[in-house]
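Architecture at a glance
These are the residues of each chain, in order.
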Amino acid sequence: MKYDDILTNYLNGFGPYQKRIYILMCLPGILCAFHMLAIVFIEHTPEYRCLLPFEEYKLAHNGSFNRLSDEINDRSFPLNPNSDEYSKCEYFDINFNEIMSRNVQKTNVTKKCDRWIYDETEVISSIVTEWDLVCDRSIIKTIIDVFFMVGFMIGSFLCGNFSDKYGRKKVYFISLILMSIFGILTSFATGIVSYTIYRMVVGASVSGVFLSGYVMAIEFVDPQRRTIAGIVCMIFFSLGYILLALIAYHYRTWRSLQIVISLPTLLFLLYWKIAPESIRWLIANGKIDEAIILIKKIAKFNRVNIPASVYSELKDSSSQPKAVNSASVFDLLKYPNLRKRTLIIFYAWFVNSLTYYGLSWNSLGDNLLVNFLISGIVELPAQLFLLVTLNHCGRRIVLSGTMIFSGLMLYSVTFIPQSYGWLVTVFAMLGKMAITASYIVIYIVSSEQFPTVLRNVGLGTSSLVARIGGILTPLSIYLGKYWRPLPLIIFGVQAFLCGLLTLLLPETLNKRLADTVKEGEAFGCEKTNSYEEKIPLIM
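This section reports on the structure supplied with the text. Source: prediction; values computed, not measured. (Residues numbered from 1 in each chain as written. Predicted model: local features only at pLDDT ≥ 70, side-chain atom pairs only at ≥ 80, totals over all residues. Heavy atoms only, no water.)

1. What about a nonpolar patch on the surface?
Heads up, the rule is: Residues enter patches when they are more than 30% accessible in relative terms and free of salt bridges; like-charged ones are connected within 9 Å and nonpolar ones (Val, Leu, Ile, Met, Phe, Trp, Tyr) within 5 Å. Each accessible area value is a Shrake-Rupley result obtained with a 1.4 Å probe; residue values ignore everything except the protein chains displayed when judging cover. Any carboxyl oxygen of Asp or Glu that lies within 4 Å of a side-chain nitrogen of Lys or Arg is treated as forming a salt bridge with it. Only DSSP runs of H or I covering at least 4 residues are called helices, and only runs of E covering at least 2 are called strands; the numbering of each starts at the N terminus.
Among the surface-exposed residues, Ile 397, Tyr 411, Phe 415, Val 493, Leu 497, Leu 500 and Leu 503 lie close enough to one another that they form a single nonpolar patch of about 650 Å² accessible area. Those elements that provide at least two residues to the nonpolar patch are helix 20 (395-411) and helix 23 (486-501). Sort the elements by how many residues they give to the nonpolar patch and helix 23 lands first, with three residues. For Leu 503, the location among the structural elements is in the loop between helix 23 and helix 24 (517-522).

Structure, rendered in structure tokens:
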């Protein structure tokens, strides 16, 4: 007797207790969205220019940003070499006491700006405006974001291993505590180094909260509903995306915004007495008595009776010796068919992570808040699209179609004149909608493509590859400093090529999934007799 059999046949599949736990575990996904996406506002680079020597009074009187006349701009700033815009990082070394005089002596000698004045229309303060992360120092913001994603990668690795060893619940709550403490500390950061360290820990803890919560939520859902439950779980992240825009509208200083999104985490610590440990983890780690107590609790809540024989069968099946799984990631790369599928899946994870966060973090339109809100809203139709199509059209065609469509939309930006900024936003949002769908599908496709004995190691390695894509995201966005459409072109080309490659994957909808490496190698391959005898039966 397996846990899934008890869940389906005796606990009403997705009964009242399971629904309650599922919702509770999904809710913190809203907070994860806050911390993952708040950098759009907290690290926003507004319109800025040099504070000229004759404007010293602006610093003393908190003067607001204003655009200088063309005459003063022409006398004060050189033009950028590759555009007709005035430099924001240098000014002419002239006598600014005579700036309004037509007799001011012109020169080609320039000086680097050491102070700037910022437009506070959309964001009153950010780490960029507080610590002057512009011009030569703009790369610092990119490095900070790289470290955040490094933290996210470390968290994925550690939390995945620790949750398997010590339990989902412990890792989940330790991550919640870290996320709340270091989220609050971030709002009190005194400099770039402390801010970077705090954000790195937040990145690691967000990974723990989201992944552990996701696994705990899904493990209380019966197999028939897990695909839909996985998609719905992602909707909570999108709701956090949308809610963050509304919060940022009211809190326009970065420190106040950071503390507002961090404090609610403390409320979820109350889950400790409500949230149960994963029954699947308890059984896998030989804690059968604890698992049975929890099953009985669920049965009582759901008002169902479970025969005593079921518990006896569960004990008997759990006491049987388990086959040792000697498989490793190298088994995925050892055989041609598995290797091809594995490399395509790894590349798909990389591209989806790179593109999704690249579009989420990159401010594309003229209105920061409106464009961020739209970027969150477009995720909802993407998820609804999957609920309708994924179990009818097949995994492969949906994954490939959404990635190709996203790639075409993003690459099309290169053909749009710069004056049509709104059209750039429309195409980018269509691309964002499609990549949101494909990012969800790749979770499902990966779990079905890898054979059972390699599923955990395959998904773990896929997640690692995705984090590498996330680490490269800030660097890709930084390239927009030299040519604004360049990040979108990078994302678009990668998504399009990857979409074509995923057509080489076999369809898994309504197919018996592979258990052994031998079955995994034969899956989706008609001619297997020539080499299948050479493949060991790894259990």
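2. Looking at the packing of helix 9 (residues 168-187) against helix 10 (residues 192-218)
If you want to describe how two helices pack, look at the angle between their axes and the distance between the axes. The criterion, for reference: Each axis is a line fitted through C-alpha atoms, taken for helices only over the stretch in contact, and angles between the N-to-C directions span 0 to 180 degrees. Between 65 and 115 degrees an angle is taken as roughly perpendicular, under 35 as roughly parallel, over 145 as roughly antiparallel, and anywhere else as oblique. Handedness of a crossing follows from how the near helix is turned relative to the far one, being left-handed for an anticlockwise turn of less than a right angle and right-handed for a clockwise one. In this classification, the charged set is Asp, Glu, Lys and Arg, the nonpolar set is Ala, Val, Leu, Ile, Met, Phe, Trp, Tyr, Cys and Pro, and all remaining amino acids, among them Gly, are polar.
At their nearest, the axes of helix 9 and helix 10 sit 8 Å apart, and the two run at 150° to each other. Judged by the angle between their axes, helix 9 and helix 10 are roughly antiparallel. Both helix 9 and helix 10 take part in a crossing whose hand is left-handed. Residues of the contact of helix 9 with helix 10, tallied by class, amount to 15 nonpolar, seven polar and three charged.

3. What to know about the environment of Cys 233
Where we set the bar: The buried label applies to any residue whose accessible area, calculated with a 1.4 Å probe on protein chains only, is under 20% of its type's maximum; exposed applies above 50%, and partly exposed to all values in between. Here a residue-residue contact requires only that any non-hydrogen atoms of the pair lie within 4.5 Å.
Within the element layout of this structure, Cys 233 appears in helix 11 (residues 226-250). You can call Cys 233 buried: its relative accessible area is 4%. When the C-alpha atoms of Cys 233 and Met 25 are compared, they prove to be 8.8 Å apart, with 208 residues separating the residues in sequence. Other than its neighbours up to four places away in sequence, Cys 233 contacts Tyr 22, Cys 26 and Tyr 214.

4. Comments concerning helix 14 (residues 288-302)
Going by this rule: Expected span of a helix: the number of residues minus one, times 1.5 Å. Comment: arc refers to directions from the helix axis out to C-beta atoms.
Its 15 residues give helix 14 an end-to-end C-alpha distance of 21 Å, which sits within 8% of 21 Å, the value for a rise of 1.5 Å per residue. Those residues of helix 14 not exposed but buried are Ile 288, Ala 291, Ile 292, Leu 294, Ile 295, Ile 298, Ala 299 and Asn 302. The buried residues of helix 14 all sit within an arc of 165° when viewed along its axis, so they share a single face. Pointing more than 90 degrees away from the buried face of helix 14 are the exposed residues Asp 289, Ile 293 and Lys 300.

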